[in-house]
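Architecture and fold: a report
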Amino acid sequence: MARPTIKLRVSSRGTVFEVEESLYLRLDAEGRWTTYGERGAVFRRALDGGVLVPGGGTPSTLDDPAAEALHARVGRRAGELLDLIDGGTGAVHVRGDLPLALRRLAGAACWTRARRRAMRQTYDAAYPEPAPILPPHRYRDLVLLPATGCPNHRCTFCAFYRDRPFQILDDAAFEAHLGAVRRLFGRAIRERDGVFLGSASALSLPDGVLTRRLSRIVDVLGRPRRGIAAFYDADRGRVRTADDWGMLAERGLVEATLGLETGWRALRARAGKSDDLDRFSAVVERLKRGGLDVALTVQMGLGGADAQLEHRAHTVDYLRALPLDRAARVYLAPLDLGDGEDRWRG
């Protein structure tokens, strides 16, 4: 009988085991599985212990019994894989630290239901509201919450923050949050090479508070390789000069994501945003002069089917006039128009 080929690699993003075409297992530094694939099916473990099933559009979520069964299966498979490697019955190709990888694999085999429940309690203590929306290029960031909720509850297309008031964590609350996040991630916190400040508009914080938060993050975690990023409400957020943004950049901020949604003034107003696109342009210009990168979101489908031609034409024209460079990103977010009302689908 042919010996199965096991590919093993350890990197700053975790430990990966692959058994030919039949098994894929990624573990973090605490031995918790993050991605599991078998027989064409792929699953991802969320921070709260839930299980996501990626697919076209928004991932689906396994119910609790199915998620628990999958957790148990991954643990068994990790134990079987460990026996296969220790027993020499597999042809192992290693890239990285083999003893470290085996310790993590042994840890994965020992993640009991009680440990998962304890981790969920730690997650609930760390994140007092559901995980915030992130720009796609920041999905791997460590999320920290200097505030919860959103300062703007007028957006007609938003189903996430409409009932969540904007609440700023004071110094003691933020310190407790930071400690809980560190306990949740443990050694795996080093696998996150960027930080994203939630929730909906962390850059709406007062300058003094925001400066203290940035400084504290760098003091505790060091300067992440990909820097610190956050959302900013360009319509109603604090007016800052280029020098103000530059001072925040000196403390580790590298990027702001702004919700443009549409370049059509009338449609913006209908969607609950400001129709003052001159102000929006000025914000982008000052961010760039302050040394920050900019990402923008555009809501595809906003206004319904009848508005799409004008929505697209105005938005393209507006984007062309903005002072963007090659580092800028523009994300197209789909809306579900099936019920006659705009809703963001993620």
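What counts and what doesn't
Counting from 1, residues in each chain are numbered in the order their sequence is written. Since the coordinates come from a predicted model, pLDDT governs what is reported: local features require at least 70, and pairs of side-chain atoms require 80 or more to be given and counted, while whole-chain, interface and lining totals use all residues. Think of the side-chain values as coming from all heavy atoms in the structure, minus any hydrogens and water. A run of H or I in DSSP becomes a helix once it reaches four residues, and a run of E becomes a strand once it reaches two; helices and strands are each numbered from the N terminus. Throughout, a residue-residue contact means that at least one pair of heavy atoms, one from each residue, lies within 4.5 Å. Ring pairs shown here join Phe, Tyr and Trp side chains whose ring centres sit within 6.5 Å, with only the six-membered ring taken for Trp; geometry is labelled stacked below 30 degrees between planes, edge-to-face above 60, and tilted in between. Relative accessibility decides the category of a residue: with a 1.4 Å probe and only protein chains considered, values under 20% of the type maximum give buried, values over 50% give exposed, and everything between is partly exposed. Think of it as a cone above the ring: NZ of Lys or CZ of Arg counts as a charge over the ring if it is within 6 Å of the ring centre and within 35 degrees of the ring normal. Whether two strands pair comes down to DSSP finding at least two bridges between them. Whenever a helix is involved, its axis is fitted only over the stretch in contact; in every case the axis is a line through C-alpha atoms, and angles between N-to-C directions fall within 0 to 180 degrees. For a crossing to be left-handed, the near helix must be turned anticlockwise from the far one by less than a right angle; the clockwise case is right-handed. Residue type decides the class: Asp, Glu, Lys and Arg count as charged, Ala, Val, Leu, Ile, Met, Phe, Trp, Tyr, Cys and Pro as nonpolar, and the leftover types, Gly among them, as polar. Salt bridge, as used here, is a side-chain nitrogen of Lys or Arg placed within 4 Å of a carboxyl oxygen of Asp or Glu.

1. Observations concerning the environment of Thr5
Mapped onto the secondary structure, Thr5 falls in strand 1 (residues 5–11). On a C-alpha basis, the gap between Thr5 and Glu18 in space is 8.2 Å, while along the polypeptide they are 13 residues apart. Once you skip the residues sitting within four places of it in the chain, Thr5 turns out to touch Glu18, Val19, Glu20, Ala91 and His93.

2. Here's the deal with the packing of aromatic side chains
Summed over all chains, the structure comprises 5 aromatic pairs. Note on Tyr123 and Tyr127: the rings are 5.4 Å apart at their centroids and 40° apart in plane angle, and the pair reads as tilted. Of the two residues, Tyr123 and Tyr127, both sit in the buried class. Relative to Phe231, the ring of Phe196 has its centre 5.1 Å away and its plane inclined at 75°; by these criteria the two rings are edge-to-face. One end of the pair, Phe196, is in strand 12 (residues 195–197); the other, Phe231, is in strand 13 (residues 228–232), and 35 residues separate them in sequence. We note that Phe196, like Phe231, is buried. Here the guanidinium or amino end of Arg115 rests over the ring plane of Trp111, the centre of that ring lying 3.9 Å away. Above the face of the Trp245 ring, Arg240 is positioned so that its terminal group lies 4.8 Å from the ring centre.

3. With respect to the pairing of strand 3 (residues 23–27)
Counting buried residues in strand 3 gives 4 out of 5 residues, a clear majority hidden from the surface. Of the strand pairs in this sheet, strand 3 and strand 4 (residues 33–38) are connected by 5 bridges, and their pairing is antiparallel. Note on strand 4: the bridge partner recorded for Leu27 is Trp33. Two successive antiparallel strands, strand 3 and strand 4, enclose a turn made up of 5 residues, where Gly31 displays a positive phi of approximately 80°.

4. Some points on the packing of helix 4 (residues 171–185) against helix 5 (residues 207–221)
Running from N to C, helix 4 and helix 5 cross one another at 30°; their axes reach a closest spacing of 12 Å. For the crossing formed where helix 4 meets helix 5, the hand is right-handed. Across the interface between the two elements, Asp171, Phe174, Glu175, Leu178 and Arg182 from helix 4 touch Arg212, Arg213, Arg216, Ile217 and Val220 from helix 5. When the residues that make up the contact of helix 4 with helix 5 are grouped by side-chain class, the tally is 4 nonpolar, no polar and 6 charged.

5. Quick look at the pattern of salt bridges
Two side chains of opposite charge can pair, provided their charged atoms sit close to one another. Here the structure, examined in full by the defined rule, presents 27 salt bridges. Across the salt bridge formed by Arg226 and Asp141, the nearest N and O atoms sit 2.8 Å from each other. In this pair, Arg226 is assigned in the loop between helix 5 and strand 13 and Asp141 in the loop between helix 3 (113–126) and strand 9 (142–144), connecting sequence segments 85 residues apart. Among the salt bridges present, the one from Glu175 reaches Arg216, with a minimum N-O distance of 2.6 Å. With a gap of 41 residues between them, Glu175 in helix 4 and Arg216 in helix 5 connect regions that are remote in the sequence. Residue classification places Glu175 among the partly exposed positions, given a relative accessible area of 34%. A residue is classified by how much of its surface remains accessible, and Arg216, at 32% relative accessible area, is partly exposed. Overlapping salt bridges, with partners in common, bring together Glu38, Arg39, Arg73, Arg77 and Glu80 in one network.

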